[in-house]
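# Coordinate analysis (summary)
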Amino acid sequence: MRHNELLREKVYESVTSVLPITIIVLFLSITVAPLSPGILTLFLFGAALLIIGMGFFTLGVDMSMIPMGEGVGVQLSKARKIGIPLVVCFVLGILITLAEPDLQVLAQQVPAIPNLTLILTVAVGVGAFLVIAQLRILLKIPLSYILVFFYGAIFILTCFAPADFIPVSFDSGGVTTGPITVPFIMALGIGMASVRSDKNSSSDSFGLTAICSIGPVLSVLLLGICYHPEDAAYTPLSLAELATTRAVAIEFARAFPIYIKEVAVALLPIAGLFLVFQCVFRRFHRRQLIKIISGFIYSYIGLVLFLTGVNVGFMPAGQYIGSAVAGGRMPWILIPIGMVIGYFIVKAEPAVQVLTRQVEDVTSGSITHKSIGFGLSIGIAFSVGIAMLRILTGLNIMWFLIPGYLISMVLTFFVPQIFTGIAFDSGGVASGPMTTTFLLPLAMGACETLGGDVLTDAFGIVAMVAMTPLFTIQMMGLMDNVRRKVRKRKLIIQLQEAEDGIMYFD
């Protein structure tokens, strides 16, 4: 009975997250971007699946992924020999990346390199940097040092990589941190840091997602340099016209078996690893095991519904809206429309729900999920606005990425460490399935209509979505730091005045 109540609560949260973007699309469909009845029906069906799927998934994550990740993290940190935990982290990083559905979507859009080659390259990058993330926690290395060093290496490599490949490499760093990867990696970090009792342990529990996002960017840049993909070309996606609601239902019926299999393949390696872990360490009791298994089932159902909804329902709507607005009399209106969509769409990302709740739990409510959510929404609104500006003007993405990351790197030395970890984790978390299946098609549709280069102008929107939260969340940390210092100064003045008053009366 308790599970039913929690599920209703999660579904209600999903409604409040998905409803705004649904209303925006409905408004656009009767004003500047009229959709065909078939595409609109696909979108509405998809929104319904999205709401139910997100409810099941977030409940399942709370019951299974988070306790599993924390348990594995604690056990790895207790190991006497460092070699075995590092190998386990490397294998874990590869397996959970191979399980990420967003990566499959991106790989299909990059024609210059075979899908399997790109996916394995990204997976090895995540595995290697999960090892680096664990070493950082064990050796107590400040996150800012790691970020500055490796992002410096990334921007040096961009000087040698093909121009068509740079947006794809940054996008790969965003899509790998999706609904499967994020809950497990974040919980793993919390588990690793919880063994320590020093003052920075809670701060160090964040940052794993941020570091794991660096690996794919570096590895894909190196791959691009080795492959020299001058022959890269983008093939536009053709969408069938659907005349009846029955045809719409058939589209979803065709997609369900695909995602039932895809999600099963994605979750089975994690389930297998957990089974081995439990057999070796016997960490969880019978009641906990039943709860984790139930959570896995909830997560599985939720992901199948969610991915079917966004891939079948949202992708066509995004492409049609982008094409219609760009082909209208006022193509510049793409910028404000993109900003409004960006502000609300991040609330529908399942991994964002996980991050904001974990932040509130770890900080004991001192950093609320509402404040992090607001910072993310502001950041994503700006990033989508910049992405639309790039499509309209053809500006090089590096004109935005270099100053954006440079400012973010400088801020890491002035804000509390916990805000740096949350900010860089937020960048990866925000660029999830809603971005790859709605915002990316929106950008592609607009770019195709305007006659731009999709590979250089439309790709990169995921990278922009991953970058701007770094600035907005760290600015929140900077303001929080200033407020703390002001309060501390006022308190000192008040104490001094009280002391002077006592001395006067004496």
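Residues numbered from 1 in each chain as written. Predicted model: local features only at pLDDT ≥ 70, side-chain atom pairs only at ≥ 80, totals over all residues. Heavy atoms only, no water.

### Examining the overall build of the protein chain
Just so we agree on the cut-off: Each helix is a run of H or I in the DSSP string that is no shorter than four residues. Each strand is a run of E no shorter than two, and both are numbered from the N terminus. Exposure classes here rest on a 1.4 Å probe applied to the protein chains alone. A residue is buried below 20% of its type maximum, exposed above 50%, and partly exposed in between. Contacts: residue pairs with any heavy atoms within 4.5 Å of one another. Here the open area of atoms and residues is found with the Shrake-Rupley method and a 1.4 Å probe, where only the protein chains shown may cover a residue.
Scanning the protein chain from terminus to terminus reveals 20 helices and zero strands. Counting every position in the protein chain, which comprises 506 residues, the buried fraction comes to 57%. In the protein chain, the share of contacts with a sequence separation of at least 24, taken over all contacts with a separation of at least 6, comes to 87%. With an accessible surface of roughly 21300 Å², the protein chain has 67% of that area assigned to carbon and sulfur atoms.

### Looking at helix α16 (residues 398-411)
Heads up, the rule is: Under the convention used throughout, the expected extent of a helix is 1.5 Å for every residue step, that is, one less than its residue count. Here the arc refers to the directions that run from the helix axis out to each C-beta atom.
Taking 1.5 Å of rise per residue, 14 residues should cover 20 Å, and α16 covers 20 Å from first to last C-alpha, within 8% of that figure. Taken residue by residue, α16 has Met-398, Phe-400, Leu-401, Gly-404, Tyr-405, Ser-408, Met-409 and Leu-411 as its buried positions. Summarising the axial view, the buried residues of α16 lie within an arc of 165 degrees, below the 170-degree limit, and thus occupy one face. Facing away from the buried surface of α16 by more than 90 degrees, the exposed residues are Trp-399 and Leu-406.

### A short note on a nonpolar patch on the surface
What counts, and what does not: A patch consists of residues whose relative accessible area exceeds 30% and which take part in no salt bridge; residues with like charges are grouped when within 9 Å of each other, and nonpolar side chains (Val, Leu, Ile, Met, Phe, Trp, Tyr) when within 5 Å. In what follows, salt bridge is the name for a side-chain nitrogen of Lys or Arg lying within 4 Å of a carboxyl oxygen of Asp or Glu.
A surface patch of nonpolar side chains, amounting to about 630 Å² of accessible area, comprises Tyr-145, Val-148, Leu-406, Val-410, Phe-413 and Phe-414. Taken together, the elements giving at least two residues each to the nonpolar patch come down to α6 (143-157) and α16. Within the fold, Tyr-145 resides in helix α6.

### Let's talk about the pattern of salt bridges
Under the definition given, this model contains two salt bridges. The closest approach of N and O atoms between Glu-251 and Arg-254, which form a salt bridge, is 3.4 Å. Placement of the pair is Glu-251 and Arg-254 together in helix α11 (residues 245-281), with a separation of three residues, close to one helical turn. The class for Glu-251 is partly exposed, based on a relative accessible area of 26%.

### Structural notes on the environment of Val-310
Mapped onto the fold, Val-310 is located in helix α12 (residues 286-326). Owing to a relative accessible area of 0%, Val-310 belongs among the buried residues under this scheme. Spatially, the C-alpha atoms of Val-310 and Phe-438 are 7.6 Å apart, while their sequence positions differ by 128 residues. Not counting the four nearest positions on each side in its chain, Val-310 is found in contact with Leu-50, Met-315, Met-434 and Thr-437.

### Digging into the packing of α6 against helix α17 (residues 417-430)
When two helices pack together, their arrangement is captured by the angle between the axes and the distance separating the axes. The test is simple: To get an axis, a line is fitted to the C-alpha atoms, and for a helix only the part in contact is used. The angle between two axes follows their N-to-C directions and goes from 0 to 180 degrees. Oblique is the label for any angle not under 35 degrees, not over 145, and not in the 65 to 115 range, which are roughly parallel, roughly antiparallel and roughly perpendicular in turn. Think of it as three bins: nonpolar holds Ala, Val, Leu, Ile, Met, Phe, Trp, Tyr, Cys and Pro, charged holds Asp, Glu, Lys and Arg, and polar takes everything else, Gly as well.
Their axes nearest at 10 Å, the elements α6 and α17 cross at an angle of 45 degrees. Between α6 and α17, the crossing angle belongs to the class labelled oblique. In this structure, α6 contributes Leu-143, Leu-147 and Tyr-151 to the contact, and α17 contributes Gln-417, Thr-420, Gly-421 and Phe-424. Taken together, the residues of the contact of α6 with α17 break down into four nonpolar, three polar and no charged.

### Re the nonpolar core
Nonpolar side chains tend to gather and get buried jointly when the protein is soluble and globular. Selection criterion: By nonpolar core we mean a set of buried residues, namely Ala, Val, Leu, Ile, Met, Phe, Trp, Tyr and Cys, connected to one another through side-chain atoms within 4.5 Å.
Grouped together as the largest cluster of nonpolar side chains are 151 residues, with contacts concentrated most on Ile-341 and Phe-438. Sorting elements by how many residues they give to this core places helix α2 (residues 37-78) first, with 15 residues. Leave out the neighbours within four places in its chain, and Phe-438 touches Val-25, Phe-43, Phe-314, Ala-317, Gly-318, Ile-321, Ile-341, Ile-345 and Pro-433. Listed in part, the five residues of the second largest apolar core include Leu-7, Leu-59, Met-63 and Tyr-298.

### Observations regarding the packing of helix α14 (residues 350-362) against helix α15 (residues 369-393)
As a reminder, the rule being used: Two helices cross in a left-handed way if the nearer one is turned anticlockwise from the farther one by less than a right angle. They cross in a right-handed way if the turn is clockwise.
At a minimum axis distance of 8 Å, the contact between α14 and α15 shows a crossing angle of 135 degrees. When the axis of α14 is compared with that of α15, the two are oblique. The handedness of the crossing between α14 and α15 comes out as right-handed. Mapping the contact onto sequence places Val-352, Thr-356, Val-359 and Glu-360 in α14 and His-369, Ile-372, Gly-373 and Leu-376 in α15. Residue composition of the contact of α14 with α15, by class: four nonpolar, three polar and one charged.

### Re the packing of aromatic side chains
Our working definition: What counts as a ring pair is set by centres within 6.5 Å for rings of Phe, Tyr and Trp (its six-membered ring), and what kind of pair is set by the plane angle: stacked under 30 degrees, edge-to-face over 60, tilted for all other angles.
Scanning all chains against the criterion turns up 13 aromatic pairs. Here Phe-149 and Phe-150 contribute two aromatic rings whose centre-to-centre distance is 5.0 Å and whose plane-to-plane angle is 85 degrees, an arrangement assigned as edge-to-face. You can call Phe-149 exposed: its relative accessible area is 57%. Among the aromatic residues, ring-to-ring pairing joins Tyr-151, Phe-155, Phe-170, Tyr-405 and Phe-424 into one connected group.

### Observations regarding α12
Formally: Bend is computed residue by residue as the angle between axes fitted to the seven residues ending at the residue and the seven residues starting at it.
Over its 41 residues, α12 extends 57 Å from the first C-alpha to the last, a length consistent with the 60 Å expected when each residue adds 1.5 Å. The largest bend in α12 comes to about 40 degrees, at Phe-314, with the proline Pro-316 one to four residues further on.

### Regarding the confidence of the model for the protein chain
Cut-off, in case you're wondering: Each residue carries a pLDDT value, the predictor's own confidence for that position, ranging from 0 to 100.
Per-residue confidence for the protein chain averages 81 on the pLDDT scale, and 90% of its residues sit at or above 70. When mean pLDDT is taken per element in the protein chain, helix α13 (residues 334-345) scores highest with 92 and helix α9 (residues 201-204) scores lowest with 62.

### A few points about unusual backbone geometry
In this structure, Lys-140 is a non-glycine residue whose phi angle is positive, near 60 degrees. Structurally, Lys-140 is set in the loop between α5 (115-139) and α6.

### Section: the environment of Leu-411
Along the chain, Leu-411 falls in helix α16. Separated by 66 residues in sequence, Leu-411 and Gly-477 have C-alpha atoms that sit 9.4 Å apart. Those residues in contact with Leu-411 that sit more than four places away from it in its chain are Phe-471, Gln-474, Met-475 and Leu-478.

### Observations regarding the side chain of Ser-377
Where we set the bar: Polar contact criterion, stated in full: a pair of N or O atoms within 3.5 Å, where within protein one must be able to donate a hydrogen and the other to accept it, and residues adjacent in sequence count only if both atoms are side-chain atoms.
By the secondary structure assignment, Ser-377 is in helix α15. Among the residues examined, Ser-377 registers a relative accessible area of 0% and is labelled buried. A distance of 3.0 Å separates the side chain of Ser-377 from the backbone oxygen of Tyr-343, its partner in a polar contact.

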